[in-house]
Amino acid sequence: MATLVAAPANTSDTSSDGARSAHWGAVYAMALCSFVLVASEFLPVSLLSPIAETLRLTAGQAGQAIAISGVFAVVTSLGLSVVLGRIDRRRVVLALIAVLIVSGAMVAFAPSYLVFMTGRALLGTAIGGFWSMSAAIAIRLVPAEAVGKALAIMSGGTALATALAAPLGSFLGTMIGWRGAFFCVVPVAVAALVWQAIVLPKLPVAERQSARAMLGLLRNRAVLLGLFAVAMLFVGQFALFTYLRPFLEQVTHVGVTMLSVMLLIVGASGFVGTVVIGRFVVKRLFLTLWLLPAAMALAAVGLALAGASTAATAALLAVWGFAGTAAPVGWWTWLARTLPDDAEAGGGLMVAVVQLAITLGATVGGAVYDTIGAGPEFLSSAALLAIAAIAALAVARHDRPAQA
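Predicted model only: the values in this text are computed from it and were never measured. (Residues numbered from 1 in each chain as written. Predicted model: local features only at pLDDT ≥ 70, side-chain atom pairs only at ≥ 80, totals over all residues. Heavy atoms only, no water.)

Colleague: Pulling in residues and values, what's your account of the overall build of the protein?
Modeller: Of regular secondary structure, the protein possesses 15 helices and zero strands. Contacts spanning at least 24 positions in sequence make up 84% of the contacts within the protein whose residues lie at least 6 apart. Summed over its atoms, the accessible surface of the protein is roughly 16,400 Å², and 70% of this surface lies on carbon and sulfur atoms. (Helix = DSSP H or I, 4+ residues; strand = E, 2+ residues; numbered from the N terminus. Contact = heavy atoms within 4.5 Å. Areas by Shrake-Rupley, 256 points an atom, 1.4 Å probe, with all protein chains shown as cover.)

Colleague: A description of the nonpolar core should follow, citing residues and the corresponding values.
Modeller: Within soluble globular proteins, side chains that are nonpolar tend to cluster in buried spots. By size, the foremost hydrophobic cluster in this structure holds 125 residues, and its most contacted members are W331, W334 and M350. In terms of residues, this core owes the most to one element, helix α5 (residues 113–141), which gives 14 residues. (Core = buried A, V, L, I, M, F, W, Y, C linked by side-chain atoms within 4.5 Å. Buried < 20%, exposed > 50% of the residue type's maximum accessible area, 1.4 Å probe, protein only.)

Colleague: Tell me about the packing of helix α12 (residues 285–306) against helix α13 (residues 310–338), and name the residues and values.
Modeller: One way to put it is that α12 packs onto α13 with a least axis distance of 8 Å and a crossing angle of 155 degrees. Taken together, the axes of α12 and α13 are roughly antiparallel relative to one another. In this structure, α12 crosses over α13, and the sense of that crossing is left-handed. The residue inventory of the contact of α12 with α13, partitioned by class, reads 20 nonpolar, five polar and one charged. (Axes fitted to C-alpha atoms, helices over the stretch in contact; angles between N-to-C directions. Parallel < 35°, antiparallel > 145°, perpendicular 65-115°, else oblique. Left-handed = near helix turned anticlockwise from the far one by under 90°. Nonpolar A, V, L, I, M, F, W, Y, C, P; charged D, E, K, R; others polar.)

Colleague: How would you summarise unusual backbone geometry if you had to cite specific residues and measurements?
Modeller: Residue H253 is not a glycine yet carries a positive backbone phi of 60 degrees. Following the sequence through the fold, H253 ends up in the loop between α10 (244–252) and α11 (256–277). Residue classification places H253 among the exposed positions, given a relative accessible area of 59%.

Colleague: For the environment of T76, give the residues involved together with the corresponding values.
Modeller: Its location among the elements puts T76 in helix α3 (residues 59–84). For the pair formed by T76 and S132, sequence separation is 56 residues and the distance between their alpha carbons is 8.5 Å. Residues in contact with T76, not counting those within four places in the same chain, are G124, T125, G128 and G129. Among the polar contacts made by the side chain of T76, one reaches the main-chain carbonyl oxygen of F72 at a distance of 2.7 Å. (Polar contact = N/O pair within 3.5 Å; in protein donor to acceptor, adjacent residues only side chain to side chain.)

Colleague: Please give an account of the packing of aromatic side chains that cites residues and values.
Modeller: The final tally for this structure, using the stated rule, is 10 aromatic pairs. When the ring of W178 is compared with that of F182, the centres are 5.9 Å apart and the planes differ by 85 degrees; the resulting orientation is edge-to-face. One end of the pair, W178, and the other, F182, are both in helix α6 (residues 147–183), four residues apart, so they sit about a helical turn from each other. Taken as a pair, W178 and F182 share a single burial class, namely buried. A centroid spacing of 4.3 Å and a plane angle of 25 degrees characterise the contact between F247 and F378, whose relative ring orientation is stacked. Here the residue F247 occupies a position in helix α10, and F378 occupies one in helix α15 (residues 374–403), the gap between them amounting to 131 residues. Assigned by exposure class, F247 and F378 land together as buried. Lying across the ring of W24, K149 places its NZ or CZ 4.9 Å from the centre. (Phe/Tyr/Trp six-rings, centres within 6.5 Å; stacked < 30°, edge-to-face > 60°. Lys NZ or Arg CZ within 6 Å of the ring centre and 35° of its normal.)

Colleague: Which residues make up the side chain of T288, and what values go with them?
Modeller: Mapped onto the elements of the fold, T288 is located in helix α12. Judged by relative accessible area, which is 9%, T288 ranks as buried. From its side chain, T288 meets the backbone oxygen of L285 in a polar contact 2.6 Å long. In contact with T288, not counting residues within four places along its chain, are I277, F280, V281 and P293.

Colleague: Requested: an account of the confidence of the model for the protein, with residues and values cited.
Modeller: Averaged over the protein, the pLDDT score is 81; the fraction of residues at 70 or greater is 86%. Of all helices and strands in the protein, the one with the weakest mean pLDDT is helix α8 (residues 211–217) (64), whereas α12 scores best (94). Predicted confidence for residues 1–19 stays below pLDDT 50, and this span has 53 contacts to residues more than four positions away or in other chains. (pLDDT = per-residue confidence, 0-100.)

Written as structure tokens, this is what we have:
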């Protein structure tokens, strides 16, 4: 199989004696990149109405801005490594951030729906490329025992963006308009580009990736089990999370201020989760892989049964945010540990599965929510998350003998 391996001992990602040195500055720069990418992806959630009004669109047409970025993220994650060949991954990361900058500018100044959607498609390309390589790059930047911590730091940017994107987008949209809100991403992305250009070491690739190498991973039973568990995790998570706002408004009956507080609870607890999880994934990886989706399933059941209580809902959302943001860190760590020589190809498969699962969870969850209501929909989310936990236990049983 094609591999993304460490460079020889005289290159920038190794010390003089051949031991890999840690590039924590580059890790934190990657976290800033993840923040900008996720914030850009979810800004339209709180800005759909003014976007639709300005560009003379329906709400559904404006909402496709999120869908198209997901579609292009899937395509890019599956094909980018093959197309890039042996190009230094440092150059690729910098190019993807440049694409993000262009995307932000296009969206902010879009005179038409076509230009707006083209900008969003470029964003999807940057998202798919960045996340498909994130685990492989983490392996290159830090020693093996610190990979879990590095991935947790990168995911911290995601958690922060998840917490801030919607409320900050709504606030900025009111103050400076939706175009100004989108353009605010551009200078942050420029800062990320400059920072990465300074601190990211060279990341040469020893062998060319191939589509056959990626497909070959699917013959690995552990990989298949892991991808299935990841799919169930994200389908279950977004079947609930996508419809959290209407649930809070219709079942918990919160006002605008309390709604913002509830969403901030999810984001803040998620940020804490990414900080804490790095301490556990190294020694307790398999425990975290099944325990976190199990906790999310219990939280979903609790919301379905006690969602009318504001206090209970707040407590359950804290559990949900903590586990839901930390769980992907565990799976990226599992990927880096299971496929250290194929982390880039495996990362492409992982991103594709995640993006498809998010789309499926939001679509099916919406149909269930509209048809039979919030309670049954949240219980169906719990069932999917329980399946994810069971699948993670199967992955643990399969992998532990191999690592013994």
